[in-house]
Amino acid sequence: MNDDEATKIRKHIHNVRNPLNSIALHAELGNMLLQGHASNKELQNAFSVILQQCRQCDAELGKIRNLVVPERP
């Protein structure tokens, strides 16, 4: 692996960590909201962010996969 490839992989790993941190934060928020008897709208928002961030992680992991194993025609 050359330096350019390693740099790209490090960038994508960083891009996966950001949404993972957001997922953890919103999962904790969801727990706190449940314990505090939050509204359905507040809970729905927390879980919507989690789902959105999961999709972002999936997209970034796909980019990493394509760096390592390019798609075949």
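What you see is a predicted model; the values in this text were computed from it and never measured. (Residues numbered from 1 in each chain as written. Predicted model: local features only at pLDDT ≥ 70, side-chain atom pairs only at ≥ 80, totals over all residues. Heavy atoms only, no water.)

A.B. asks: Which residues make up helix H2 (residues 40-68), and what are the values?
C.D. replies: With 29 residues, H2 should cover 42 Å at 1.5 Å per step; its first-to-last C-alpha distance of 42 Å lies within 8% of that length. Every buried residue of H2 is listed here: Leu 43, Ala 46, Val 49, Ile 50, Gln 53, Cys 57, Glu 60, Gly 62 and Ile 64. Where the residues of H2 are buried, they touch helix H1 (3-35). (Helix = DSSP H or I, 4+ residues; strand = E, 2+ residues; numbered from the N terminus. Expected span 1.5 Å × (residues − 1). Buried < 20%, exposed > 50% of the residue type's maximum accessible area, 1.4 Å probe, protein only. Contact = heavy atoms within 4.5 Å.)

A.B. asks: Tell me about unusual backbone geometry, and please be specific about residues and values.
C.D. replies: For His 37, which is not glycine, the phi dihedral falls at a positive 60°. Structurally, His 37 is set in the loop between H1 and H2.

A.B. asks: Please set out a nonpolar patch on the surface residue by residue, giving values where relevant.
C.D. replies: Residues Leu 67, Val 68 and Val 69 make up a contiguous nonpolar surface patch of roughly 240 Å² in combined accessible area. Here Val 69 is to be found in the segment after H2. (Patch = residues over 30% accessible without salt bridge, like charges linked within 9 Å, V, L, I, M, F, W, Y side chains within 5 Å. Areas by Shrake-Rupley, 256 points an atom, 1.4 Å probe, with all protein chains shown as cover. Salt bridge = Lys/Arg side-chain N within 4 Å of Asp/Glu carboxyl O.)

A.B. asks: Mind laying out the packing of H1 against H2, listing which residues take part and the relevant values?
C.D. replies: What describes two packed helices is the angle between their axes and the distance between those same axes. Their axes nearest at 9 Å, the elements H1 and H2 cross at an angle of 160°. Judged on the interaxial angle alone, H2 and H1 are roughly antiparallel. Crossing handedness for the pair H1 and H2: left-handed. Looking at side-chain class alone, the contact of H1 with H2 contains 20 nonpolar, seven polar and four charged residues. (Axes fitted to C-alpha atoms, helices over the stretch in contact; angles between N-to-C directions. Parallel < 35°, antiparallel > 145°, perpendicular 65-115°, else oblique. Left-handed = near helix turned anticlockwise from the far one by under 90°. Nonpolar A, V, L, I, M, F, W, Y, C, P; charged D, E, K, R; others polar.)

A.B. asks: Hey, could you go over the side chain of His 12 for me, with residue numbers and the actual values?
C.D. replies: In this structure, His 12 sits in helix H1. Beyond its immediate stretch of four places on either side in the chain, His 12 contacts Glu 60, Lys 63, Ile 64 and Leu 67.

A.B. asks: Outline the environment of Phe 47, supporting the account with residue identities and numerical values.
C.D. replies: Assignment of secondary structure puts Phe 47 in helix H2. Put simply, Phe 47 and Ala 27 are 20 residues apart on the chain and 7.5 Å apart in space, counted from C-alpha to C-alpha.

A.B. asks: Go over the pattern of salt bridges with me, naming the residues and quoting the values.
C.D. replies: Taken as a whole, this structure holds two salt bridges when the rule is applied. Here Asp 4 and Lys 8 are joined by a salt bridge, their closest N and O atoms 3.6 Å apart. Pair noted here: Asp 4 and Lys 8 are both in helix H1, with a separation of four residues, about one helical turn. The class of Asp 4 is partly exposed, set by a relative accessible area of 47%. Since its relative accessible area comes to 38%, Lys 8 is described here as partly exposed. Residues Glu 60 and Lys 63 are paired through a salt bridge, measuring 3.2 Å at the closest nitrogen-oxygen approach. Residue Glu 60 and its partner Lys 63 are located together in helix H2, separated by three residues, close to a single helical turn.

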